Amino acid sequence: MTKHMGFDAETPQMPHVGALLEALATSSTQPLDLQPTGFDPLDLALDGGFNAEELVLIGGRPGVGKTVMMVQLARTAALSGRRVLYISYEHSERAMLSRLLTLELASTADDLDATTLLTLRRVVRAYCFGSISNEDFRDDHPRLSVAADRLASLGERMQIVAGSHRTTDLSVITRLASDAVADGDLVLVDYLQKIPAPEVTDRGPTFEVAEVLKDMANELGVTVVVAAAASDAGIGRGRLRLDHLEGGAGLAHECDVALLLNEKVGATSPVHLAYDTTRIEEARNQVVISVEKNRRGPTDINMEFTKDFANFRFDPKGRFVSDTLIDDIPREDHP
């Protein structure tokens, strides 16, 4: 059997560009199946949202809002009809349910005063951790029933799993995903560095984990969104970049989209904030989300979103950053 360029004689001839264009011209059209993030203008920057078979990285320091953003992404996807698997190595199922129910409550409570909303958040937490009954919860305030019913409407479309470093390895994640999601759905893992590596190699555990997650996204036809922690060196940086994440080189190689979260007050050039206490206070309440890698489009796009962490959310209506951001070290270009 003769071989040519690695293909044997029984392998069909690889199509040339003309044949590919002809097939495209005669094929029926289908809308591009993108999953909106629900964040504006992030969806604009990503040409509509996340695509199937993508590995999306959300990186940042502790407390910057990675989990907050991921919970919002999960809710948006489930409300749009997608199936969602959320694996959290940080929080229990009850804690995640409390966050989701609080987020749902806040989305229908714009007319409530701050004191009432604070009281209702405490009721949500007591309910989710078993301190009050379902009847008492629903009788406390009509908005609580509305929030619970809206969250319940997601039904089996959203599954939450509390991961463990001892038991929830990549094989378990793959099995869970195979059972829960399929083409166009969403898998979220919080966070990458807590996933046990399949083996120890000279490439490092983070690289190995990211590689398997990318393979899973391809094989199942889903979007995999994973949070990633800053390295020790990255913790002290004014502005965290892709290079400052734990295992940054491996992550940069494997991910399709990388979103980096930074507190605006620390990421903005001092020339914009010096001697202006009003702007400093405003910046303290905002997070910059930067598109640091995007295989499908442009990068180095920076947007700012206002925190509402008491309700486990960002205001999804943001804006492009007009201020100059600092950059501690030259950034490597990753394909």
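This report concerns the structure included in the present document. (Residues numbered from 1 in each chain as written. Predicted model: local features only at pLDDT ≥ 70, side-chain atom pairs only at ≥ 80, totals over all residues. Heavy atoms only, no water.)

Quick look at the pairing of strand S6 (residues 84–88)
Okay, step 1: By the criterion of burial, S6 is predominantly enclosed, with 5 of the 5 residues buried.
Okay, step 2: Relative to strand S7 (residues 158–162), S6 runs parallel, the two being bridged by 5 bridges. Along S7, the bridge assignment pairs Ser88 with Ala162.
Okay, step 3: The pairing of S6 with strand S8 (residues 186–190) spans 5 bridges and is parallel. Along S8, the bridge assignment pairs Val84 with Leu186. (Buried < 20%, exposed > 50% of the residue type's maximum accessible area, 1.4 Å probe, protein only. Helix = DSSP H or I, 4+ residues; strand = E, 2+ residues; numbered from the N terminus. Pairing = 2+ DSSP bridges.)

What about the pattern of salt bridges?
Okay, step 1: Inspection of every chain in the model, using the stated rule, returns 19 salt bridges.
Okay, step 2: Note that Lys317 is salt-bridged to Asp40, the shortest N-O span being 2.6 Å. With Lys317 in the loop between strand S13 (313–314) and strand S14 (319–320) and Asp40 in the loop between strand S3 (34–35) and helix H2 (42–45), the pair connects residues that are 277 residues apart, well separated along the chain.
Okay, step 3: Its relative accessible area of 56% is what places Lys317 among the exposed residues.
Okay, step 4: On the basis of relative accessibility, which here comes to 31%, the residue Asp40 falls in the partly exposed class.
Okay, step 5: Ionic pairing is found between Glu304 and Arg319, a salt bridge with its closest N-O pair at 2.5 Å. (Salt bridge = Lys/Arg side-chain N within 4 Å of Asp/Glu carboxyl O.)

Just geometry here; none of it tells us what the structure is for.
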